[in-house]
Amino acid sequence: MIKHHPSDELLLAHAGGELPASMTIAVAAHCEMCDTCAEKVAQYEITLSDSAFDETLNVETSESDSAVFATMMAAITRGDITPVTKMTASPEAHIDVAGERYTLPVALRRYYQLGWSSVGSISRARLPLNEGDTRASLLHIGMNGTVPSHTHKGMELTLLLSGHFEDEKGTYVPGDFIILDGSTNHTPHTHDGCLCYTVADAPLHFTKGVSQLLNAVGRVIY
Ligand SMILES: [Zn+2]
């Protein structure tokens, strides 16, 4: 069962379309796996559109506004305005990494053709989002793989998409949405291998030793 969910503030910001792309993807993909959060977002969307509607009613419309509105209504009743084409769902998208095939959540389906970099059992594919120091990636850790003990200078979000992993705090299942800040030191390990979506806004800081291997791991993960 999913134990880790986005905060209500994050769900509300998502419903209002206020999140950057990296976080929108994370919350949307979580909601595909979590009915509880999906329902909350739907409820927030209704509340937000209701309050936007109330605001519209309170605004006094100028004469030119009502003229535009009248013209628009006339056009609609004449049938001059073509209805918006229905969006079709994108086809299922798979990614193949380290000999495993995964189906991507709808929120990530446009990113099925990414380039992967690997070090040891860790593979990473960066999403082309251009959000400065904030980097969004798909991260795959092979069977019995471990990420060396580290903390973060900034924020690290991990959304587990497939498989399982564990750290000092517990075991995680697909859908778990984990946000850590610089104060947490952890050593994630996976028995069965896992695929995660990650967002990090600063490089990892390794807490046990500094070596070329750790630096390489750091470059791949961040
Ligand atoms: Zn949830």
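Residues numbered from 1 in each chain as written. Predicted model: local features only at pLDDT ≥ 70, side-chain atom pairs only at ≥ 80, totals over all residues.

If you tally the helices and strands in the protein, you get five helices and 12 strands. For the protein, the proportion of its 222 residues judged to be buried stands at 27%. Sequence-distant contacts, at least 24 apart, represent 68% of the contacts inside the protein between residues at least 6 apart. (Helix = DSSP H or I, 4+ residues; strand = E, 2+ residues; numbered from the N terminus. Buried ≥ 20, exposed ≤ 12 C-beta atoms within 10 Å, placed from the backbone. Contact = placed C-beta atoms within 7 Å.)

Relative to the elements of secondary structure, D133 occurs in the loop between β4 (122–126) and β5 (135–141). Accessibility expressed as a C-beta count within 10 Å gives 10 for D133, which makes it exposed. Spatially, the C-alpha atoms of D133 and A200 are 8.1 Å apart, while their sequence positions differ by 67 residues.

An α-helical segment advances 3.6 residues per turn. Residues three or four places apart therefore align on the same side. Listed in full, the buried residues belonging to helix α1 (residues 8–15) are L10, L11, H14 and A15. Buried residues of α1 fall within an arc of 140° about the axis and therefore sit on the same side. Across from the buried face of α1, at angles greater than 90 degrees, the exposed residues are D8 and E9. (Arc of directions from axis to C-beta.)

A few words on the sheet that holds β4. Spatial ordering of the open sheet is given by β3-β4-β5-β11-β7-β10, a layout of six strands whose pairing is antiparallel. One side of each edge strand has no neighbouring strand; the edge strands of this open sheet are β3 (116–119) and β10 (177–180). Going across the sheet, the axis of each strand differs from the next one's by a mean of 25°, ignoring polarity. Lying over the sheet, helix α2 (residues 21–33) contacts β5, β7 (156–163), β10 and β11 (194–200), oriented at roughly 145° with respect to β11. (Pairing = 2+ DSSP bridges. Axes fitted to C-alpha atoms, helices over the stretch in contact; angles between N-to-C directions.)

The next thing to look at is the pairing of β11. With seven of its seven residues buried, β11 lies for the most part within the structure. Neither face of β11 is left uncovered, since the one carrying C194, C196, T198 and A200 and the one carrying L195, Y197 and V199 both have all their residues buried. Both β5 and β11 contribute to a ladder of seven bridges, which runs antiparallel. Bridged to L139 within β11 is C196. Bridging between β7 and β11 involves seven bridges; their strand directions are antiparallel. Along β11, the bridge assignment pairs E156 with A200.

With that settled, consider α2. Here α2 contains 13 residues, and its C-alpha end-to-end distance of 19 Å stays within 8% of the 18 Å for a straight helix at 1.5 Å per residue. When α2 is considered as a whole, its buried residues turn out to be S22, I25, A26, V27, A29, H30 and C31. (Expected span 1.5 Å × (residues − 1).)

The next thing to look at is the nonpolar core. By size, the foremost hydrophobic cluster in this structure holds 35 residues, and its most contacted members are A26, L159, L160, C196 and Y197. Going through the elements one at a time, α1, α2, α3 (35–58), β5, β7, β10 and β11 are the ones with two or more residues in this core. Take this core: its biggest share by element is six residues, from β11. Three or more residues apiece are contributed to this core by two domains, here domain 1 (8–78) and domain 2 (94–221). L160 has contacts with F165, Y172, V173, P174, G175, D176, C194 and C196, leaving out every residue within four places of it along the chain. (Core = buried A, V, L, I, M, F, W, Y, C linked by C-beta atoms within 7 Å. Domains from an automatic or database assignment.)

Along the chain, L159 falls in strand β7. Here L159 falls in the buried class, since 27 other C-beta atoms lie within 10 Å of it. With 40 residues separating them in the primary sequence, L159 and V199 have C-alpha atoms 8.8 Å apart. Setting aside residues no more than four positions away along its own chain, L159 makes contact with A26, A29, H30, F177, C196 and Y197.

The subject of this paragraph is the environment of R101. Within the element layout of this structure, R101 appears in strand β2 (residues 100–103). You can call R101 exposed: it has 8 C-beta atoms within 10 Å. When neighbours within four sequence positions are excluded, R101 is seen to be in contact with H94 and D96.

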